[in-house]
Amino acid sequence: MLQQIARQQDIVEIAPQGSTRKAAALAHVAEQYGYSYGMAYRTGFKNSLVQVRMYRDLRPGARAREAATITAHPQAGNGGTVPGLEHGSLKPLPEAVGAVAVLKDLITFDVMAQYVVDRRQKVMGYLACAVLTVLLLIDKSPVEAVASGGAVALLFTVTFKVGVIRRGRIEQRFTEAGFLAVRDEQGGRRFLRPGQQLPGHSNPFAA
C-alpha cells in the first residue's frame, strides 16, 4: 500500500489478509497520506478478501495532512513508524482508535450491501426451501422433510434479519456522527462525511 502511495496514484487498493479491522487500520494510514475512503467490497476466492478503494484527495486540507505525515514519518516504507499505528503492528494508537472504528463501519456497511436481500431474492430463497422439502419427501418421512425444509427457511430468515439490524445500527452511528446519506449510481445507500463527494472518477475530490 505504501508503495502505491509513494507513486502518487489517484487510486490506492487495499486488500489485507484477515479481518475488516485490519483493512480499516490500513485505510486510516492512507488517509494520513491525503487519501479518502471510497468504497469496499468482497473479492477473491470465495469472497474471502475485503478490498478497500481509497481516492487521492486534492483538497488543501488533505495535502497539508500528507505533508505533515511525510515529515513526521520519513521512514514509513523502510521499517520506520507508520502514522496512527503501533510500530510493527496494525493495532491503532489510542488517538487513532476512533477514526479506525469509523472506517471499520464504512467498510462493513459497504461490504454488507453485497448481501442485502431484495423482495425477489426473498421469494426465490423461500421457493428453494419449498423445493428442498419436496425433494426430501422422496427419501424421508413427511415430518422429517418439513422439519428440514423449515430449518433452512428459519436460518435464511434469521440471517437476513441479523444483517438488517446490524446495518441499521451502523446507519444510526453515521447519522449521529453527522454523515450524509446519499444514493450511488446503482441506487445503493452510501454515507459520506460532510463535504465529501461520491467516488467514481479518477479523482472525485477535484471539483
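I will try to describe carefully the structure that is included in this document. (Residues numbered from 1 in each chain as written. Predicted model: local features only at pLDDT ≥ 70, side-chain atom pairs only at ≥ 80, totals over all residues. Heavy atoms only, no water.)

One finds Ile 14, Tyr 35, Tyr 37, Val 52, Met 54, Ile 107 and Phe 174 to be the most contacted residues of the largest nonpolar core, which totals 29 residues. Contributions of two or more residues to this core are made by strand 1 (11–14), helix 2 (20–32), strand 2 (35–43), strand 3 (49–56), helix 4 (97–113) and helix 6 (142–176). Top contributing element to this core by residue count: helix 2, with seven residues. Once residues lying within four places of it in the same chain are set aside, the contact partners of Tyr 37 are Glu 31, Val 52, Arg 53, Met 54, Leu 103, Leu 106, Ile 107, Asp 110, Arg 190 and Gln 196. (Core = buried A, V, L, I, M, F, W, Y, C linked by side-chain atoms within 4.5 Å. Buried < 20%, exposed > 50% of the residue type's maximum accessible area, 1.4 Å probe, protein only. Helix = DSSP H or I, 4+ residues; strand = E, 2+ residues; numbered from the N terminus. Contact = heavy atoms within 4.5 Å.)

On to a nonpolar patch on the surface. A cluster of nonpolar side chains, Leu 127, Val 131, Leu 135 and Ile 138, forms an exposed patch at the surface whose accessible area comes to about 400 Å². Locating Leu 135 in the fold gives a position in helix 5 (residues 119–136). (Patch = residues over 30% accessible without salt bridge, like charges linked within 9 Å, V, L, I, M, F, W, Y side chains within 5 Å. Areas by Shrake-Rupley, 256 points an atom, 1.4 Å probe, with all protein chains shown as cover. Salt bridge = Lys/Arg side-chain N within 4 Å of Asp/Glu carboxyl O.)

In the sheet, strand 2 pairs with strand 3 via eight bridges, with the strands oriented antiparallel. What sits directly across from Ser 36, in strand 3, is Tyr 55. Counting the residues between successive antiparallel strands, the hairpin from strand 2 to strand 3 contains five residues, one of them, Gly 44, with a positive phi of roughly 80°. (Pairing = 2+ DSSP bridges.)

The sheet contact formed by strand 4 (residues 180–183) and strand 5 (residues 189–192) spans four bridges and is antiparallel. Paired with Leu 180 across the bridge in strand 5 is Leu 192. What sits between the antiparallel neighbours strand 4 and strand 5 is a turn of five residues, in which Gly 187 has the positive phi angle 85°.

By definition, the strands of a sheet pair up through backbone hydrogen bonds, in either a parallel or an antiparallel sense. The strand order 1-3-2 describes an open sheet built from three strands, whose pairing is antiparallel. Unpaired on one side and paired on the other, strand 1 and strand 2 mark the two borders of the sheet. Going across the sheet, the axis of each strand differs from the next one's by a mean of 20°, ignoring polarity. Relative to strand 3, strand 1 runs antiparallel, the two sharing four bridges. Within strand 3, the residue paired with Glu 13 across the bridge is Arg 53. Across the sheet, helix 4 lies against strand 2 and strand 3, angled at about 40° from strand 2, the strand it touches most. (Axes fitted to C-alpha atoms, helices over the stretch in contact; angles between N-to-C directions.)

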